[in-house]
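Each chain, written out:
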2 protein chains.
Amino acid sequence: MAETISKNDFFVGVDLGGTKILAGVFTPALKCIGKSKLTTKAERGPEAVLDRIARTVTDAIDECDLSVKNCKGVGIGAPGAVDFEAGRVIFAPNLGWKDFPVQKELEKRLDLPVFLENDANIAALGVQERELGGKPRHLIGIFVGTGIGGGIILDGKLHSGAGHTAGEIGHMILEMDGPKCGCGNKGCFEALASRTAIFNRIQAAVKDGQKTILTDMLDDKLENLRSGDLRKAIRRGDKLVEQVVQDAAQYIGIAVSNLANLFNPDVIVLGGGVIAALEEEMFGIITEVAHDYMMPGVDTGLDIVTTKLGDDAGITGGAVLVRQQLK
Amino acid sequence: MAETISKNDFFVGVDLGGTKILAGVFTPALKCIGKSKLTTKAERGPEAVLDRIARTVTDAIDECDLSVKNCKGVGIGAPGAVDFEAGRVIFAPNLGWKDFPVQKELEKRLDLPVFLENDANIAALGVQERELGGKPRHLIGIFVGTGIGGGIILDGKLHSGAGHTAGEIGHMILEMDGPKCGCGNKGCFEALASRTAIFNRIQAAVKDGQKTILTDMLDDKLENLRSGDLRKAIRRGDKLVEQVVQDAAQYIGIAVSNLANLFNPDVIVLGGGVIAALEEEMFGIITEVAHDYMMPGVDTGLDIVTTKLGDDAGITGGAVLVRQQLK
């Protein structure tokens, strides 16, 4: 059945990343009707980035033949610790920001209500509402890409913690004295299963004299390696890549089990670039390992699913946030 | 200032364990005025255990020169998955129970309102209210004894999860392919840092020819090893025991950091027999390692504390539960 939409009922979702800004315009039923993308250019400083966010938003709205007046508000996910109530980014290492009033600055530029949340939290919210109909009461989102982020919904609400930094799933230690992580620690989940971790292991193996067709597909340094390249290599019979990806899937399975044992959620959602590209190769291993390690009772009624929203999880969650707040 | 107590305002807390039942009578300000203890005798079946719980409760009340009529209700913590609303133990492996209506059965025997929760959850509640004045909004309790249990309070409420099994902190994997755990998995926190884990490592070292004065203090098999023996051995200069206890403290530090990074709580409380006996030897290492591994922002405002309630954390939490429910 087609959705009947009043012309002033649209929501805008924004996903602010370290390298790009994505904005999308959504109907009240969360259908995306237009998008726009710009590079972030974080090096120009927060004021310049805010101008670019505003431009991405107005571009997306214009793309839909609408104007700002047709929209009810903007929901934005930022990579870092976010104080939702104050509308401030507390710190965002990827952007180099510390205590910046994003909500106020963006409202000034757009003349629309703005709501700010952490990017992984907002992506979890997008999946929960758009794909799962808002049903799961307790949901954990695991987003595996360059890094690994986590979104936590408990009792139907985002859990941000005492200092708005909850959900650092990527820095859960799974293997004491394991490989070094970008954060300085060793054995973090992110250092074992992110695209960066997979890339580092393959590169080390190549230096060690092992063979992979990735060096033919790309170059010896494996520059610009993407998750899709890993999938292609495996499908062409590359045993090294297959092994490394399978090992990463095992660690993701362990992480799923740890989170299930701690939070006992209804749903654990897997997303991000690595999962999107390698679902067929990884998902079976992830669920098998996860169920192996879960305590009795924890897996009863637990759904482990992948999101089909891909890169749109964040902007979808942004629209959900506006819809929730303006109810 | 002395507490003015009406003679019918007392609460009873019960800690139901695999080997013993402890009951305590509390004033409205949570002062314990009398206790009683019985062995559990789980092998006699749930009906017999319920009779023994009722007896422990009436013994404790009698000890205080009170009668059941002077009490408002009973709060009980059970070791396993508990459905608080239904008042049922869903399963409790240490007792061999599956789906047993503890609340109904105990109310029948005592003619008092009964409230049932998980034992580690209730212990966390006891610490939060009795020692911390109910202030922390987000609190995680880690109880290290024969096993390792966890209690989770988020937004001031116990988090039990979708199937009432949340908080399985002891079965978080910290070292893939680490030592075998009683649950069948490898590398669980419990298999690395519980009294059982410490005991297993010392016993293996002794078999391997290493020396410890524990074999003089006890016997070659180290039967009946208690946490207090470990403390005595370290204070007499036992290097093996010192090393094993320090290693366990490191793992506890890692677990604290993992939980802080995931939940971003206000307080993490450490309790249980191992912590009570070895606080001086372990606490410094635990906090140092935990802070080393925490993400920026997570440790801001986080208090890591030990509980002084010892074995009384559970019964205190039981009294808190009744007080909360009958408000």
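Please refer to the structure placed before this passage.
The present account deals with the structure reproduced in this document. Since this is a predicted model, take the numbers as computed values, not measurements.

Calculation rules
- Residues numbered from 1 in each chain as written.
- Chains lettered and ligands numbered in written order.
- Predicted model: local features only at pLDDT ≥ 70, side-chain atom pairs only at ≥ 80, totals over all residues.
- Heavy atoms only, no water.
- Axes fitted to C-alpha atoms, helices over the stretch in contact; angles between N-to-C directions.
- Helix = DSSP H or I, 4+ residues; strand = E, 2+ residues; numbered from the N terminus.
- Parallel < 35°, antiparallel > 145°, perpendicular 65-115°, else oblique.
- Left-handed = near helix turned anticlockwise from the far one by under 90°.
- Contact = heavy atoms within 4.5 Å.
- Nonpolar A, V, L, I, M, F, W, Y, C, P; charged D, E, K, R; others polar.
- Buried area = accessible area lost by both parts, 1.4 Å probe.
- Salt bridge = Lys/Arg side-chain N within 4 Å of Asp/Glu carboxyl O.
- Buried < 20%, exposed > 50% of the residue type's maximum accessible area, 1.4 Å probe, protein only.
- Pairing = 2+ DSSP bridges.
- Least-squares fit on C-alpha atoms with pLDDT ≥ 70 in both.

Once that is clear, we can look at the packing of helix α8 (residues 239–263) of chain B against helix α9 (residues 273–293) of chain B. Residues and elements named next belong to chain B. At their nearest, the axes of α8 and α9 sit 7 Å apart, and the two run at 50° to each other. Between α8 and α9, the interaxial angle falls into the category oblique. α9 is crossed by α8, and the crossing has right-handed handedness. Of the residues in α9, those touching α8 at Val245, Gln246, Ala248, Ala249, Gln250, Ile252, Gly253, Ile254, Val256, Ser257 and Asn261 are Ile275, Leu278, Glu281, Met282, Ile285, Ile286, Val289, Ala290 and Tyr293. A per-class count over the contact of α8 with α9 returns 14 nonpolar, 5 polar and 1 charged.

Facing 44 residues of chain B, the contacting portion of chain A comprises 44 residues. Buried surface at the junction of chain B and chain A, both sides included, amounts to about 3,500 Å², of which 60% is carbon and sulfur. Scanning the region where chain B abuts chain A turns up 0 salt bridges. Of all elements in the fold, only β10 (148–154), α8 and α9 of chain B reach the threshold of two or more residues within the side of chain B that touches chain A.

Right, let's get into the pairing of strand β4 (residues 71–78) of chain B. Residue and element names in this part refer to chain B. By the criterion of burial, β4 is predominantly enclosed, with 7 of the 8 residues buried. Bridge count for strand β1 (residues 10–16) against β4 is 6 bridges, and the pairing is parallel. Residue pairing in the sheet places Gly13 in a bridge with Gly75 of β4. In this structure, β4 lies alongside strand β8 (residues 114–118), joined through 5 bridges in parallel fashion. In the sheet register, Gly77 faces β8, and the bridge partner there is Glu117.

This brings us to the relation of the copies chain B and chain A. Each of the two chain copies goes to the other by way of a rotation about an axis and a shift along it. For these two chains of identical sequence, chain B goes onto chain A by a turn of 180° and a shift of 0.0 Å along the axis, with RMSD 0.0 Å. In short, the pair behaves as if placed about a two-fold rotation axis. Interface overlap between copies is the fraction of interface residues in one copy that are interface residues in the other; for chain B against chain A it reaches 100%, indicating a shared surface.

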